[in-house]
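# Structure at a glance
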Amino acid sequence: MRLAPFEYLAPESLNEALAAKANLGAKAVWLAGGTDLLPRAKQGLAQPQTVISLKHLCAELSAVSQDDGKLQIGALAVIADVANHPTVQGRLPGLSEALHAIGALTLQQRVGTLGGNLCADTRCLYYNQSQEWRAGLAPCFKLAGEVCHAGGEGVERCRSVNQSDGAVMLSALDARVLLAGEKGQRSLPLEDFFTGQGETPIAMEADELLLGVEVALPPDGSGSAYERLALRGAIDYPLASAAAAISLEDGAVSTVRVALGAVFAAPLLLKDAVAPLLGQAPDEAALAQAAQRAGRHAGPFLVDNVRADLQWRKEMAPVPMRRALERALARARGTS
Amino acid sequence: MAKLQTLAFEVNGEAVELAVRSQETLLEVLRERLELTGSKEGCGEGVCGACTVLVDGAPRRACLTLALEAQGGQVLTVEGLADGAELSLEQQAFVETGAVQCGFCTPGMLLASHDLLSRQEQPDEAAIRQQLSGHICRCTGYAKIVEAVALAADRRAKGEAS
Ligand SMILES: Cc1cc2nc3c(=O)[nH]c(=O)nc-3n(C[C@H](O)[C@H](O)[C@H](O)COP(=O)(O)OP(=O)(O)OC[C@H]3O[C@@H](n4cnc5c(N)ncnc54)[C@H](O)[C@@H]3O)c2cc1C
Ligand code: FES
Ligand code: FES
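Here's a quick rundown of the structure.

Conventions we followed
Residues numbered from 1 in each chain as written. Chains lettered and ligands numbered in written order. Predicted model: local features only at pLDDT ≥ 70, side-chain atom pairs only at ≥ 80, totals over all residues. Heavy atoms only, no water. Salt bridge = Lys/Arg side-chain N within 4 Å of Asp/Glu carboxyl O. Helix = DSSP H or I, 4+ residues; strand = E, 2+ residues; numbered from the N terminus. Buried < 20%, exposed > 50% of the residue type's maximum accessible area, 1.4 Å probe, protein only. Arc of directions from axis to C-beta. Contact = heavy atoms within 4.5 Å. Phe/Tyr/Trp six-rings, centres within 6.5 Å; stacked < 30°, edge-to-face > 60°. Lys NZ or Arg CZ within 6 Å of the ring centre and 35° of its normal.

### A closer look at the pattern of salt bridges
For the coordinates displayed, the defined rule picks out 21 salt bridges over all chains. Among the salt bridges present, the one from Arg40(A) reaches Asp121(A), with a minimum N-O distance of 3.7 Å. One end of the pair, Arg40(A), is in helix H2 (residues 37–42); the other, Asp121(A), is in the loop between helix H8 (114–119) and helix H9 (131–135), and 81 residues separate them in sequence. Both residues of the pair, Arg40(A) and Asp121(A), belong to the buried class. Across the pair Arg110(A) and Asp115(B) runs a salt bridge whose closest N-O atoms are separated by 2.8 Å. Here Arg110(A), found in helix H7 (residues 108–111), pairs with Asp115(B), found in helix H3 (residues 106–119), and the two come from separate chains. The structure contains a network of salt bridges with shared partners spanning Asp36(A), Arg40(A), Asp121(A) and Lys142(A).

In structure tokens form, the structure reads like this:
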């Protein structure tokens, strides 16, 4: 498979990079590890006129540092380095699990970046295919067409899904992203970074660059966990995934945040499903009920867009959720 | 048409300079321009691992790496593992163990093994399997490959020559 021609720039500084992007706008794309961008470019799904390599900014944007109870992770930090960072392993075990689940050790985890993982495009069985494969079908919403092959008739917009393991876990951890553009910097919660629209899943302007991610380190008595279902143990996107983050006060749940992946164009935050756990010291049955509710709330979002039977996904959605809740709670209680 | 740019890097210890197009992948440059056809293209989209080479010591899918990303870097391919007629530790172990059948996955497997052995003194079976999990083999069933890497690690620990 060959790439179509494009120009290549490798700016030496952040200012130079931002100026180039501001000048070229949406015709230019950033290149970090390339493990999401290049397969899409080979399939003609991304057709950049210019590729702007971020490789000279690695020194500046790869640090993982702690400040005032917050962990800051540079966008170009390599996935394995974040997953193996002692603070991440100790205080954010769910994030370590999610990042270890990505692709394979010798690919995404040593080459892919956290920023690339967050900015990775949404995916669909009918979209992430070669040009020849797609030629047999009318262009879908994500290709500026007027149909969703996964959702079928009556579906009025793109139903591609976010399958980024890091995005789902960081959403449950209520992380924020820091963006830089022509007009300066801005910070926003991940909840607003993902639009929920399959056609344009990320709320970044054409001149903007993701600088990094900020996660508040949870207080003592907190736990997080990540679970996913996939066909293979490696080199495979999740068919369903779940992230949970729980904090306890005097043994009772004081905060709980959960998100499902591979369901919706953004990590699907399910606040109502877990709200009944607040103030409780939940047992296994209560967690299972919360997971069932999460599965039920996710149901309407599911269409036939990943490589697994739709009915199976509907029935299985609560399973990773229950496992993630159980492990997050055990960690918060210090029993695992 | 994108302009040609000069790519200067080191391949298997030798300085190389050539003009490439922006969209050329490292795999295309290695195989088609430098005639180093040891690195294979299985899928071309990052799934199989057959194209794996080391760039500045880290494994990379050459099919998903723009050649220009290796500017100024050091690339190691399967052709650079042996010392003349003498096979590397991993290569010798693969041959002896029967870890090679059709051989298509072997260059990628060897470089992944080389990377693991350069980072870990005595990797256990779990570490070997995790390292190789990014590589697909359609012939061997993996057991012989895992055995070969363990043998190479073992020999090195005992200070035996291959
Ligand atoms: C075989 C295979 C299996 C995979 N399995 C998984 C999986 O299981 N889970 C998973 O989550 N992902 C998976 N991926 C996708 C991908 O490898 C990861 O998401 C990876 O983390 C992407 O990082 P990258 O640095 O390679 O991104 P790139 O490909 O370089 O970039 C991804 C996107 O983000 C943009 N971008 C990158 N950096 C920035 C920045 N700093 N600011 C603004 N925009 C930016 C790029 O323009 C591009 O659109 C898989 C990919 C392959 C090929
Ligand atoms: S050819 Fe590069 S991973 Fe398959
Ligand atoms: S030996 Fe044939 S693919 Fe591995």
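### Quick notes on helix H1 (residues 14–24) of chain A
Residues and elements named next belong to chain A. Buried within H1 we find Leu14, Ala17, Leu18, Ala20 and Lys21. Down the axis, H1 shows its buried residues gathered within 160 degrees of arc, on one side only. Across H1 from its buried face, at more than 90 degrees, point the exposed residues Asn15 and Asn23. Elements in contact with the buried residues of H1: strand S1 (7–9), strand S2 (28–31), strand S3 (50–53), helix H3 (58–61), strand S6 (176–181) and strand S8 (209–216). Count one or two residues on from H1 and you reach Gly25, which has phi positive near 60 degrees.

### Structural notes on the packing of aromatic side chains
Residues and elements named next belong to chain A. Enumeration according to the criterion identifies three aromatic pairs over all chains in this entry. A cation sits over an aromatic face here: Arg123 above Tyr237, 3.8 Å from the ring centre. For the cation-ring pair, Lys142 lies above Tyr127, with the distance from its terminal atom to the ring centre recorded as 5.3 Å.

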